[in-house]
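Here is what each chain is made of, one letter per residue.
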Amino acid sequence: MKLTDLTTRAGEWLRGIGPMSEIVISSRVRLARNVSGYHFLSKCTRHQRTTIEHKIRDAILGASISPKTLYVDLQDAPEVDRQLLVERHLISKPHAQSEGARGVAISESESVSIMVNEEDHLRLQVLRSGSQLEEAWEEINEIDNKLESTLDFAFHPRFGYLTACPTNVGTGIRVSVMLHLPALKLTGEIEKVFRAAKDMRLAVRGLYGEGTEALGDFYQVSNQTTLGKSEEEIISDFKGVVIPKIIEYEHHARRTLLNDRTAALDDKVFRALGILRCARLMASEETLYLLSHLRLGVNMGRVKDIDIRTVNELFLMTQPAHLQKLIGKKIDGDVRRAARAEFIRHRLNAA
Amino acid sequence: MERPGSAWLNFMNRKCDNCKSQATVHLTEIKAGKKVEKHLCQQCAEQQEGIPAGTAHTPINELLTNFVLAHSQGAKELTTNAVCEHCGMAWPDFKQGGLLGCEHDYALFEKDLTPLLQRAHDGATHHLGKVPVRRGGSGVPMKRQADLARLRKELQKAIEGEDYERAAKLRDQIKTAES
């Protein structure tokens, strides 16, 4: 399995299927772990960093975490490849941009990725489409157990799993769901989500995690508390309380739009579709904004001749690194915007 | 995927709104329907808000909980001047960078870390979750840990209800369970 294989298809989690996928794009569980006997990364020399990377790489590849596992050495990888992995949510932006020995292991389905030498020695992630947090937790727990048989993770009876940043200590778990909330944005009620999240001590972030904007009406909601609660408790809070509450808000906003502002709703949706089908230059931010309205229209049955999978695929493939991989060379400026517009026109007019 | 973002560093190193020394008094006021947050050092708080030095900014429950916890764990010296013999980390370095240097730092700086952890983790001070098999776990949360968590919750409640007799009993139970 090679990295270029990734560009030809959408990852498992972006197929746009799975429970409640009209609102819940994906479910993610990640665990932060460090190997006992080695410094955390901020206190590592270059040599120690390399030693840790080799040790963990061997452990991952030896643990047969999936039938086929791809390991990418990020120290040597070209920038476009690192960007591609960020766009597919397989590595974080800081991991793409940092320096020194580091890598990522990816399962064939792309549902599992393990970052090596990010902020902690290991960051395990399971990403699934739709609302599947329990399944994601079961899978990641199993992988964690497999790795634990060869790696001795830093652990303290009182503090739990020890992490470089004390905000992750304890379970080391970060549970998050990516939500598409265009109706709440259109009705001006998105603040309700922020308030509810704050009450429940959750963080709301943009498309690519911390410090990123909520482009395309995508919001990532995640837990902030990792100490004093079990993994199961954190997940069941999400599944039983957080997700249903926000989904109910969005459904309510969608009903309001449909009942009271039908013409305005259709105008948003079909105006977006019109531009996407005809424009000759498309910037990435505008693309996200228009695709968001189109996705709303398709999910609400206002647009009938476009499959939701086409829309989901466009979200992924129109990102800068994906476009460049498809075209096979580095492009930017108007050349890239023209290529993006052409790709979108082709997909939407063929549909 | 999360970095020690600016929020985390701000949280640890909040400066006094007035004189830029370390803020220890945090006030939230509602003025004309708007929430106003103030962060002051002890001295400025005394002068501006008439808050006496000492304990006024800490809720009584928190003080008592800290007191009881400190005694249930055996009081330790403050670690502000300590330097980790393994990784060389010192408390001021951590406050600046937001990241610890090695696994031993948690035990070394336990006393200083506890209030930070409580604020970052909704009051929690103890792990309650998976324990690695090689550290005596079963790969799933252990019952003993669940019991401890229940006892700590009850202790918190007893303190909130000012039932100190019960709190003392619970504290002893926690001590026994922890040993």
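Residues numbered from 1 in each chain as written. Chains lettered and ligands numbered in written order. Predicted model: local features only at pLDDT ≥ 70, side-chain atom pairs only at ≥ 80, totals over all residues. Heavy atoms only, no water.

**A few points about the overall build of chain B**
Counting secondary structure elements, chain B contains eight helices and two strands. Here chain B, with 179 residues, has 40% of them falling under the buried criterion. Residue pairs in contact within chain B that sit at least 24 positions apart in sequence constitute 38% of those at least 6 positions apart. As displayed, chain B offers around 10,000 Å² of accessible surface, 53% of which is attributable to carbon and sulfur atoms. (Helix = DSSP H or I, 4+ residues; strand = E, 2+ residues; numbered from the N terminus. Buried < 20%, exposed > 50% of the residue type's maximum accessible area, 1.4 Å probe, protein only. Contact = heavy atoms within 4.5 Å. Areas by Shrake-Rupley, 256 points an atom, 1.4 Å probe, with all protein chains shown as cover.)

**Considering unusual backbone geometry**
Most peptide bonds are trans, and most residues other than glycine sit at a negative phi. Residues and elements named next belong to chain A. Within the chain, Asn117 stands out as a residue other than glycine whose phi angle is a positive 60°. For Asn117, the position within the fold is in the loop between β4 (112-116) and β5 (122-129). Owing to a relative accessible area of 0%, Asn117 belongs among the buried residues under this scheme.

**Focus on the nonpolar core**
Across soluble globular proteins, nonpolar side chains show a tendency to be buried alongside one another. Membership of the largest hydrophobic core comes to 86 residues, with the highest contact counts inside it found for Ile114, Leu122, Leu147, Leu181, Phe238 and Leu294 of chain A. It is helix α8 (residues 231-260) of chain A that provides the largest number of residues to this core, a total of 10 residues. Inspection of this core shows a minimum of three residues originating in each of domain 1 (3-253) and domain 2 (262-350) of chain A. Those residues in contact with Leu294 of chain A that sit more than four places away from it in its chain are Ala272, Leu273, Leu276, Val303, Ile306, Val311 and Leu348 of chain A. Counting 23 residues, the second-largest nonpolar core is a separate cluster that includes Ala154 of chain A together with Met12, Met89 and Phe109 of chain B. (Core = buried A, V, L, I, M, F, W, Y, C linked by side-chain atoms within 4.5 Å. Domains from an automatic or database assignment.)

**Observations regarding α8 of chain A**
Taking 1.5 Å of rise per residue, the 30 residues of α8 of chain A would be expected to cover 44 Å, and the 42 Å separating its terminal C-alpha atoms lies within 8% of that figure. Residue Phe238 of chain A marks the point of greatest curvature in α8 of chain A, where the axis turns by about 35°. (Expected span 1.5 Å × (residues − 1). Bend = angle between axes of the 7 residues up to and from the residue.)

**Digging into the interface of chain B and chain A**
Facing 46 residues of chain B, the contacting portion of chain A comprises 62 residues. Of the roughly 4,500 Å² buried between chain B and chain A on both sides combined, carbon and sulfur atoms contribute 53%. Taken together, the connections running from chain B to chain A amount to five salt bridges. The salt bridge involving Asp122 of chain B is made with Arg201 of chain A; its shortest N-O contact spans 3.6 Å. Across the contact surface, chain B and chain A share 27 residue pairs in polar contact (both at pLDDT 80 or more). Counting residues per element, the ones that place at least two in the side of chain B that touches chain A are α4 (91-97), α5 (105-108), α6 (110-120) and α7 (143-160) of chain B. Tallying contributions element by element places α6 of chain B first for the side of chain B that touches chain A, with six residues. Among the residues making up the side of chain B that touches chain A, the classes are represented as 20 nonpolar, 14 polar and 12 charged. (Buried area = accessible area lost by both parts, 1.4 Å probe. Salt bridge = Lys/Arg side-chain N within 4 Å of Asp/Glu carboxyl O. Polar contact = N/O pair within 3.5 Å; in protein donor to acceptor, adjacent residues only side chain to side chain. Nonpolar A, V, L, I, M, F, W, Y, C, P; charged D, E, K, R; others polar.)

**Some words on the domain arrangement of chain A**
Accessible area lost upon the coming together of the parts serves often as the stated size of an interface. All names here are of chain A. By domain assignment, chain A separates into domain 1 (3-253) and domain 2 (262-350). Using C-alpha coordinates to define each centre, domain 1 is positioned 27 Å away from domain 2. Listed by partner, the interface residues are 28 residues for domain 1 and 21 residues for domain 2. Here domain 1 meets domain 2 over a buried area of about 2,100 Å², counting both sides, of which 66% is carbon and sulfur.

**Section: the environment of Ala105 of chain A**
Residues and elements named next belong to chain A. As for its position among the elements, Ala105 is in strand β3 (residues 103-107). Between the C-alpha atom of Ala105 and that of Leu70, which follows or precedes it by 35 residues, the distance is 5.6 Å. If near-sequence neighbours (up to four positions away) are discounted, Ala105 is found in contact with Ile60, Thr69, Leu70, Tyr71, Val112, Ser113 and Ile114.

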